[in-house]
Amino acid sequence: MKNKINYLLLSLLMATPMGLIAQEAGPEMADTFRAEGKIYVVVGVLLIIFAGIATYLIRLDRKISKLEKVNNK
Amino acid sequence: MKGIWWKVLGIILVAYSIIMGLLGEVPRLDILNETIRVLYYHVPMWFSMIAMMLLSVIFSILTLGNYSFNRDLWAYEFARTGFLLSSLGLLTGMFWAQFTWGSFWTNDPKLNGTAVTMLIYLAYFVLRGSVEDPQKKARLAGVYNIFAFVMMIVFIGILPRLTDSLHPGNGGNPGFNQYDLNSDMRPIFYAAVVGWILIGLWISQLRSRFIKLSHEE
C-alpha cells in the first residue's frame, strides 16, 4: 500500500512541469540577506557608516601629513 | 600616513566588533533580550574614555615636571577625546536604560558619578580657556587634571562598588566573572575595547597635529 502511494507521488512529480515546482517555491530572491530577521541589513548599514567615518579619518590624516611635509621644508 | 598599522588595526577591530557583535551568539536573558549586544558598543566607550584620561593625566604630570608645548597639548587633546567618548557612552547608556531599566536616568551611583565626572572635566576645559599665558595654563591645568583623574576613579571606579548599583559588577561583586560575559562574547568585547582605544588615539593625534600646524603658521 505504502509503495503504491510512493509510486503514485513519484509519477505525479514527474508529470508536473518543472516550472510549476519552481513557482511553488517562489521566484529566486536574495533570501539569505533577509534571513534571521534581516539582521544582515543592519550589519551592512553600520559597516557603511563606519567605513565612511574611517575613510574620513584617513583622508584627514593624509591632508595633515601633506601640510606637515610642506611646513618642514 | 604616520603609524598606519595601528590605525588600520583599530578600524579592523571595531569593524569586527560591529559584524560579530550583531551576528555572534549571545546568552538569552530576560529583560535584556537582544540588547545585551549593546555591551559591545556602550562599554568600550567607557574603557577607552578611561584610557584617554589616563594618558591625559600622564602628559599633565610630564608637563608639570618639565614644561613643553607638546606635552601640554597632548594632555588637552586626550582629555578632549575622552570627553567625546564619555558623552557617547552616556547617550548610548541612557538609550539602553530606557528600554531595560525603564527610564533614561536612574539614581544609579554609576550614572550620577559619571555626570559629576563629566562636570569636573568640563571645569578643566573652562580653566584652560581662562588662562592666557601658555606656561601658567599648563601648570594650573596640569595640577587640576590630576585632581580630575583621581575624582574620576573615585566616582566611577570606587563609589559604585560600595553601594548597590544596577550596573553589573558593582555593589560588592566587582570583576568580570560576575558579568554576563561568556566565552562567546569576551573576544568580541575586548576587540571592541582595543579598537576604540586605537581610534581614540588616532583622533587625539589628528587634532594635536592640526593644532601644532596652526601654531607654526
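(A) Structural view of the overall build of chain B. Scanning chain B from N- to C-terminus turns up 6 helices and 0 strands. Its helices and strands taken in sequence order, chain B reads α-α-α-α-α-α from the N to the C terminus. Relative to the globule expectation of 17 Å for 217 residues, the C-alpha radius of gyration of chain B, 19 Å, shows essentially globular dimensions. With the C-alpha coordinates aligned to their principal axes, the bounding extent of chain B is approximately 55 × 40 × 25 Å. Across the 217 residues that make up chain B, the buried fraction comes to 45%.

(B) Up close: the overall build of chain A. Along its length, chain A carries 3 helices and 0 strands. Out of the 73 residues in chain A, the part that is buried amounts to 11%. Total accessible area on chain A stands at roughly 6,500 Å², and carbon and sulfur atoms take up 68% of it.

(C) Layout of the interface of chain B and chain A. Facing the 20 residues of chain B at the interface are 18 residues of chain A. Together chain B and chain A conceal approximately 1,800 Å² of surface at their shared face, both sides included; 78% is due to carbon and sulfur atoms. When the buried surface of chain B facing chain A is broken down by residue, Met1(B), Leu206(B) and Leu213(B) rank first, second and third, together holding 29% of it. There are 3 salt bridges connecting chain B and chain A. When the shortest N-O distance is used, the salt bridge between Arg209(B) and Asp61(A) registers 3.0 Å. Summed over the shared surface of chain B and chain A, the number is 5 residue pairs in polar contact (both at pLDDT 80 or more). When contributions to the side of chain B that touches chain A are tallied by element, the ones reaching two or more residues are α1 (4–23) and α6 (185–216) of chain B.

(D) Quick peek at the pattern of salt bridges. Applying the stated rule across the entire model yields 6 salt bridges over all chains. Between Asp61(A) and Lys7(B) there is a salt bridge, with its nearest N and O atoms 2.6 Å apart. Placement of Asp61(A) in helix α3 (residues 31–72) and of Lys7(B) in helix α1 is noted, with the two residues assigned to different chains. The exposure class of Asp61(A) is buried, given its relative accessible area of 0%. Given the relative accessible area of 1%, Lys7(B) is considered buried. Here Asp72(B) and Arg128(B) are joined by a salt bridge, their closest N and O atoms 2.9 Å apart. Here Arg128(B) lies in helix α4 (residues 109–129) and Asp72(B) lies in helix α3 (residues 69–100), a separation of 56 residues in the sequence. Neither Asp72(B) nor Arg128(B) differs from the other in exposure class; each is buried.

(E) Geometry of the packing of aromatic side chains. Residue and element names in this part refer to chain B. A full pass over the atoms with the stated rule returns 14 aromatic pairs over all chains. Centre to centre, the rings of Phe83 and Phe125 are 5.6 Å apart; their planes meet at 90°, and the pair counts as edge-to-face. Linking Phe83 in helix α3 with Phe125 in helix α4, this pair joins segments that are 42 residues apart in sequence. Assigned by exposure class, Phe83 and Phe125 land together as buried. Here a set of aromatic residues connected by ring pairs shows up, and it is made of Tyr76, Phe83, Tyr121, Tyr124, Phe125, Tyr144 and Phe147.

(F) Structural detail: the packing of α3(B) against α4(B). All names here are of chain B. Interhelical geometry of α3 versus α4 gives an angle of 145° and a closest axis separation of 11 Å. Pair α3 / α4 crosses with left-handed handedness. Within the contact between the two elements, α3 uses Asp72, Ala75, Tyr76, Ala79, Arg80, Phe83, Ser86, Ser87 and Leu90 and α4 uses Thr114, Met118, Tyr121, Leu122, Tyr124, Phe125 and Arg128. Split into classes, the residues belonging to the contact of α3 with α4 amount to 10 nonpolar, 3 polar and 3 charged.

(G) Quick peek at the confidence of the model for chain B. Here chain B shows a mean pLDDT of 89. Residues at 70 or above account for 94%. Interface predicted TM-score (ipTM) for the complex: 0.76; the corresponding pTM is 0.82.

(H) Looking closely at the nonpolar core. Within the largest apolar cluster, 43 residues are counted, with the highest numbers of intra-cluster contacts made by Phe50(A), Met53(B), Tyr121(B), Tyr124(B) and Met152(B). Sorting the residues of this core by element identifies α3 of chain A together with α1, α2 (39–65), α3, α4, α5 (134–162) and α6 of chain B as the ones contributing at least two each. Excluding residues that lie within four positions of it along the chain, Tyr124(B) makes contacts with Ser60(B), Ala75(B), Tyr76(B), Ala79(B), Ala141(B), Tyr144(B) and Asn145(B). Among the nonpolar cores identified, the runner-up in size contains 11 residues, and Leu32(B), Ile36(B), Val43(B) and Val193(B) belong to it.

Basis of the calculations
Residues numbered from 1 in each chain as written. Chains lettered and ligands numbered in written order. Predicted model: local features only at pLDDT ≥ 70, side-chain atom pairs only at ≥ 80, totals over all residues. Heavy atoms only, no water. Helix = DSSP H or I, 4+ residues; strand = E, 2+ residues; numbered from the N terminus. Rg over C-alpha atoms; globule rule 2.2 N^0.38 Å. Buried < 20%, exposed > 50% of the residue type's maximum accessible area, 1.4 Å probe, protein only. Areas by Shrake-Rupley, 256 points an atom, 1.4 Å probe, with all protein chains shown as cover. Contact = heavy atoms within 4.5 Å. Buried area = accessible area lost by both parts, 1.4 Å probe. Salt bridge = Lys/Arg side-chain N within 4 Å of Asp/Glu carboxyl O. Polar contact = N/O pair within 3.5 Å; in protein donor to acceptor, adjacent residues only side chain to side chain. Phe/Tyr/Trp six-rings, centres within 6.5 Å; stacked < 30°, edge-to-face > 60°. Axes fitted to C-alpha atoms, helices over the stretch in contact; angles between N-to-C directions. Left-handed = near helix turned anticlockwise from the far one by under 90°. Nonpolar A, V, L, I, M, F, W, Y, C, P; charged D, E, K, R; others polar. pLDDT = per-residue confidence, 0-100. Core = buried A, V, L, I, M, F, W, Y, C linked by side-chain atoms within 4.5 Å.

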